[in-house]
Amino acid sequence: MLIYLQNFKSSLWTVIIVCCLLFAQFSYAQDTSETIPQVGTVQKIGDVILIALPVATLGTSLIKGDNEGAWQFTKGLLLTEAVTFGLKLGVNKQRPDMSNDNSFPSGHTSTVFHSAGYIHRRYGFKYSIPAYALAGFTAASRIDSKKHDILDVLAGTAIGLGSNLVFTTEYQQEHMELTYDNFEGNHLIGFKYKF
């Protein structure tokens, strides 16, 4: 029971950290103090994916009981957001729609590509294909809505994918095991599966 409570507490803190980061990302990215934005359907869908993809990614790891992966995802997201916002504050590149000077790099793109890259690195490419499609749509929506140009989106993609190289490791499934045994000159390779 004590171990379960400790896992619950660590999972709860992970969820709280990720929710705070996503809220900060969404509110900062939507800062349009200089001009009134015109928000189209494509941009709205991109904004929904900005929140839904990381939440679904983290939720899936937690549902699988992969607390180590959830923590790796959170650390990677912290790095992604820190680098993204650091560059936004340092570069001060004007957005194509002239709404503010937070264009470089694309925060939406870095966040969603971090989620897709995490799924790819942690669980395998075949599971990440839908996430990459959603991340690509979000990146395209940022260009379509004139919030970013191609350089902003490419930089965001590199930041999001790069943060996974630092923290994310391949998922080790505990119910499967490859074994090797050597006795009297005979070699035995086996595979165990625990139900």
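Up top is the structure.
Reading the values: rules and limits
Residues numbered from 1 in each chain as written. Predicted model: local features only at pLDDT ≥ 70, side-chain atom pairs only at ≥ 80, totals over all residues. Heavy atoms only, no water. Axes fitted to C-alpha atoms, helices over the stretch in contact; angles between N-to-C directions. Helix = DSSP H or I, 4+ residues; strand = E, 2+ residues; numbered from the N terminus. Parallel < 35°, antiparallel > 145°, perpendicular 65-115°, else oblique. Left-handed = near helix turned anticlockwise from the far one by under 90°. Contact = heavy atoms within 4.5 Å. Nonpolar A, V, L, I, M, F, W, Y, C, P; charged D, E, K, R; others polar. Core = buried A, V, L, I, M, F, W, Y, C linked by side-chain atoms within 4.5 Å. Buried < 20%, exposed > 50% of the residue type's maximum accessible area, 1.4 Å probe, protein only. 1 Å grid on protein atoms, 1.4 Å probe; cavity = no way out; pocket = protein on both sides within 12 Å on 5 of 7 lines; lining within 4 Å. Points joined across faces, edges and corners; volume = space filled by probe spheres on them. Salt bridge = Lys/Arg side-chain N within 4 Å of Asp/Glu carboxyl O.

### Re the packing of helix H3 (residues 67-91) against helix H4 (residues 107-123)
One can describe the packing of H3 onto H4 by two numbers: an axis separation of 10 Å at closest approach and a directional angle of 150°. Classified by the angle their axes make, H3 and H4 are roughly antiparallel. The two elements H3 and H4 cross, and the hand of that crossing is right-handed. Side by side, H3 and H4 meet where Glu68, Gly69, Ala70, Gln72, Phe73, Gly76, Leu77, Thr80, Glu81, Thr84 and Lys88 of the first sit next to Gly107, Ser110, Thr111, His114, Ser115, Tyr118 and Arg122 of the second. Across the contact of H3 with H4, the residue classes tally to four nonpolar, ten polar and four charged.

### Quick word on the nonpolar core
The biggest cluster of nonpolar side chains holds 16 residues, and the ones touching the most others in it are Leu53, Phe73, Val112, Phe113, Tyr118, Ala131 and Ala135. For this core, the elements supplying multiple residues, two or more each, are helix H2 (41-63), H3, H4 and helix H5 (125-144). Considering each element in turn, this core owes the most residues, six residues, to H4. Other than its neighbours up to four places away in sequence, Tyr118 contacts Thr57, Ser61, Asp66, Gly69, Ala70, Phe73, Tyr123, Asn164 and Thr168.

### Some details on the layout of surface pockets
Estimates place the volume of the largest pocket at around 280 Å³. Lining the largest pocket are 16 residues; nearest its centre among them are Lys64, Ile119, Tyr123, Gly124 and Tyr127. Counting residues per element, the ones that place at least two in the lining of the largest pocket are H2, H4 and H5.

### Points about the pattern of salt bridges
Across all of its chains, the model carries five salt bridges by this definition. For Asp47, the salt bridge identified is with Arg142, shortest N-O distance 3.8 Å. In this pair, Asp47 is assigned in helix H2 and Arg142 in helix H5, connecting sequence segments 95 residues apart. For Asp47, a relative accessible area of 11% puts it in the buried group. Ionic pairing is found between Arg122 and Asp66, a salt bridge with its closest N-O pair at 2.7 Å. With a gap of 56 residues between them, Arg122 in helix H4 and Asp66 in the loop between H2 and H3 connect regions that are remote in the sequence. An identical accessibility class is assigned to Arg122 and Asp66; each is buried.

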